[in-house]
Amino acid sequence: MALSLAVSPCPNDTFVFHALVHGLIPGTPEVNLTFADVDVTNTAAERGEFDLVKVSYAALPWLLDDYELLPTGGALGRGCGPLVLARDAGQDVAGATVAVPGDRTTAYLLFRLWSADRAPARVQVVPFHEIMPGVAAGTWDAGLVIHEARFTYQQHGLVALADLGEWWEADTGLPIPLGAILAKRGVVDPAEATEWIRNSVSMAWANPEASRDFILANAQEMDPAVVQQHIALYVNEFTLELGRDGLAAADALLQRAAAAGLTPSVKPFN
């Protein structure tokens, strides 16, 4: 029976899952792949639509009854956090209108924790690709961006008001937990799925050229140099194995969010 998988079209996901999706790992099932932005997968997972799915860590409190967190394949790291962008370096988010890519994304949860004492007047959820052009055009005072926007925001004439990854790391000493891989309980054996994905990551690192065409065909940012920067930043040791630091980062984010009344509480992973 085919396995349904949903990930983003971003280069880190296509790099990580190329071998699994293309049947290059012996003993794995056929995979039916769906590409969707993380705000879409967060909602789809709540409806139980996929067997394996990439979601925001911030969405886990609503998903862990039906899904199990896998210790591999996700996106955590250092120096890779969301950015708050504006046209003017003097822009204050207090009382401002801010565009965000999703209301259950890790980026937005970090933004809410960071801006707790200077809350914006209005937050609008918009498609990710509209945020930077919209901020540049004055549609919104500021925007919250992720992924390859870290490498391209200057092209829109924007400045970074805050790097929420730097803020998080300085405050906690932990990596920033961005995207998690979940396996549907009762449908996917988590140990098997973990092994499949670890093999897929290892194969991607061993032969990066094998996935190049697949990555570029689906990348929203087509410049090969930006694609390589993206992969180098978001595919790291935590992608292969969350480990104690990765689990501690997930715990820190979700415990702080629950304490602030932003999410339901969950049991610690560590």
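As the structure is a computational prediction, the values presented were derived from the model and not from experiment.

Student: Where do I start with the overall build of the protein chain in this structure?
Tutor: A tally of helices and strands in the protein chain yields 11 helices and 11 strands. Over its C-alpha trace the protein chain gives a radius of gyration of 18 Å, about what one expects of a compact globule, namely 18 Å for 270 residues. C-alpha extents for the protein chain along the principal axes are approximately 55 × 40 × 30 Å. Counting only residues that meet the buried cut, the protein chain has 54% of its 270 residues in that class. Taking as baseline every contact in the protein chain between residues at least 6 positions apart, the subset at least 24 positions apart corresponds to 79%. Accessible surface computed for the protein chain: about 11,200 Å², of which carbon and sulfur atoms make up 49%.

Student: What am I meant to see in the nonpolar core here?
Tutor: Across soluble globular proteins, nonpolar side chains show a tendency to be buried alongside one another. Residues Tyr-57 and Val-84 are the most contacted members of the largest nonpolar core, which totals 66 residues. With 7 residues, helix α3 (residues 106–114) is the largest single contributor of residues to this core. Those residues in contact with Val-84 that lie beyond four places of it in its chain are Val-93, Phe-111, Trp-114, Ala-142, Gly-143, Leu-144, Val-159, Ala-160, Leu-161, Ala-162 and Leu-164. Judged by nonpolar contacts, the second largest core, of 27 residues, contains Phe-15, Ile-181, Ala-193 and Ala-219.

Student: Please explain the UniProt feature "active site" (unreviewed entry) in the protein chain as it appears in this structure.
Tutor: Sequence positions flagged by UniProt for "active site" (unreviewed entry) are, in local numbering, His-147. Tracing the backbone through its elements, the reader meets His-147 in the loop between β9 (142–145) and α5 (149–152). Among residues more than four places away in sequence, those in contact with His-147 are Cys-10, His-230 and Tyr-234.

Student: Explain helix α4 (residues 128–137) here, please?
Tutor: Side chains that are three or four residues apart share a direction in an α-helix, a result of its 3.6 residues per turn. Turning to α4, its buried residues number three or more, namely Phe-128, Ile-131, Met-132, Gly-134 and Val-135. On its buried face, α4 is in contact with β6 (83–86), β7 (97–100), β9 and α5.

Student: Would you mind going over the UniProt feature "binding site: substrate" (unreviewed entry) in the protein chain with me for this structure?
Tutor: Mapped onto this numbering, the UniProt entry gives "binding site: substrate" (unreviewed entry) at Lys-54, Val-55, Ser-56, Thr-106 and Ala-107. By the element assignment, Lys-54 lies in strand β3 (residues 52–56). Ignoring sequence-local partners within four residues, the contact set of Lys-54 consists of Ala-6, Val-7, Asn-12, Asp-13, Val-38, Thr-41, Ala-75, Gly-179, Ala-180 and Ile-181. Within the local environment of Lys-54, its side chain forms a polar contact with the side chain of Asp-13, the two groups lying 2.6 Å apart. Inspection of the secondary structure assignment puts Ser-56 in strand β3. By relative accessible area, Ser-56 is classed as buried at 3%.

Student: I tried to follow the packing of helix α1 (residues 11–21) against helix α7 (residues 190–206) on my own but got confused; where do I start?
Tutor: A pair of packed helices is captured by two measures, namely the crossing angle of their axes and the spacing between those axes. Two elements in contact, α1 and α7, have axes whose closest approach is 7 Å; the angle formed by their N-to-C orientations is 110 degrees. In terms of orientation, α1 lies roughly perpendicular with respect to α7. With respect to the hand of their crossing, α1 and α7 are arranged in right-handed fashion. Along the contact surface, α1 presents Phe-15, Val-16, Phe-17, His-18, Ala-19 and Leu-20, while α7 presents Trp-196, Ile-197, Ser-200, Val-201, Met-203, Ala-204 and Trp-205.

Student: Just to check I follow, could you spell out the packing of α3 against helix α11 (residues 243–259) for this structure?
Tutor: Axis separation between α3 and α11 bottoms out at 11 Å; the angle between their running directions is 55 degrees. Comparing the axis directions of α3 and α11 gives the class oblique. Note on packing geometry: the crossing formed by α3 with α11 is left-handed. Contacts from Thr-106, Leu-109, Leu-110 and Leu-113 of α3 reach α11 at Leu-253, Arg-256 and Ala-257.

Student: I keep staring at the pairing of β6 and nothing clicks. Help me out?
Tutor: What you see with β6 is no split at all: Leu-83 and Leu-85 on one side and Val-84 and Ala-86 on the other are buried throughout. As defined by bridge partners, β6 adjoins β9 across 4 bridges and the pair is classed as antiparallel. Residue pairing for β9: Leu-83 is matched across the bridge by Val-145. Here β6 runs beside strand β10 (residues 159–163); their pairing, made up of 4 bridges, is antiparallel. Residue pairing for β10: Val-84 is matched across the bridge by Ala-162.

Student: Help me understand the pattern of salt bridges, please; the structure alone is not making it clear to me.
Tutor: Side chains that carry opposite charge are capable of pairing whenever their charged atoms lie near each other. The final tally for this structure, using the stated rule, is 8 salt bridges. In this structure, the salt-bridge partner of Glu-68 is Arg-185, at a minimum N-O distance of 3.6 Å. Highlighted residues: Glu-68 in strand β4 (residues 67–69) and Arg-185 in the loop between β11 (176–184) and α7, separated in sequence by 117 residues. Arg-185 sits in the partly exposed class, given a relative accessible area of 41%.

Rules and cut-offs
Residue positions are given per chain, counted from 1 along the sequence in the order it is written. Reporting of local features is limited, given that this is a predicted model, to residues whose pLDDT is at least 70; pairs of side-chain atoms are given and counted only at 80 or more, and all residues count toward the totals for whole chains, interfaces and linings. Computation of side-chain values covers all heavy atoms of the structure but excludes hydrogens and water. The way it works is that DSSP assigns letters per residue, a run of H or I at least four long becomes a helix, a run of E at least two long becomes a strand, and they are numbered from the N terminus. Atoms counted for the radius of gyration: C-alpha only. Globule rule: 2.2 Å times the number of residues to the power 0.38. To sort residues, take the accessible area from a 1.4 Å probe on protein chains only and compare it with the maximum for the residue type: under 20% means buried, over 50% means exposed, and anything in between is partly exposed. Here, residues are in contact when the closest pair of their heavy atoms is within 4.5 Å. To measure how exposed things are, a 1.4 Å probe is used in the Shrake-Rupley method; for residues, cover is taken only from the protein chains shown. The nonpolar core is taken to be a set of buried Ala, Val, Leu, Ile, Met, Phe, Trp, Tyr and Cys residues, with the residues joined through side-chain atoms within 4.5 Å. UniProt positions are given in the numbering used here, feature names are shortened, and annotations may be inferred rather than shown by experiment. What qualifies as a polar contact is a pair of N or O atoms within 3.5 Å, subject to a donor-acceptor requirement within protein and to the restriction that residues adjacent in sequence count only when both atoms come from side chains. Only the stretch in contact is used when fitting a helix axis, every axis being a line fitted to C-alpha atoms; angles between N-to-C directions are given from 0 to 180 degrees. Each angle gets one of four labels, with under 35 degrees taken as roughly parallel, over 145 as roughly antiparallel, 65 to 115 as roughly perpendicular, and the rest as oblique. Note on convention: the crossing is left-handed when the near helix lies turned anticlockwise from the far helix by less than a right angle, right-handed when the turn is clockwise. Only when DSSP finds a minimum of two bridges between them are two strands counted as paired. When a carboxyl oxygen of Asp or Glu lies within 4 Å of a side-chain nitrogen of Lys or Arg, that pair is called a salt bridge.

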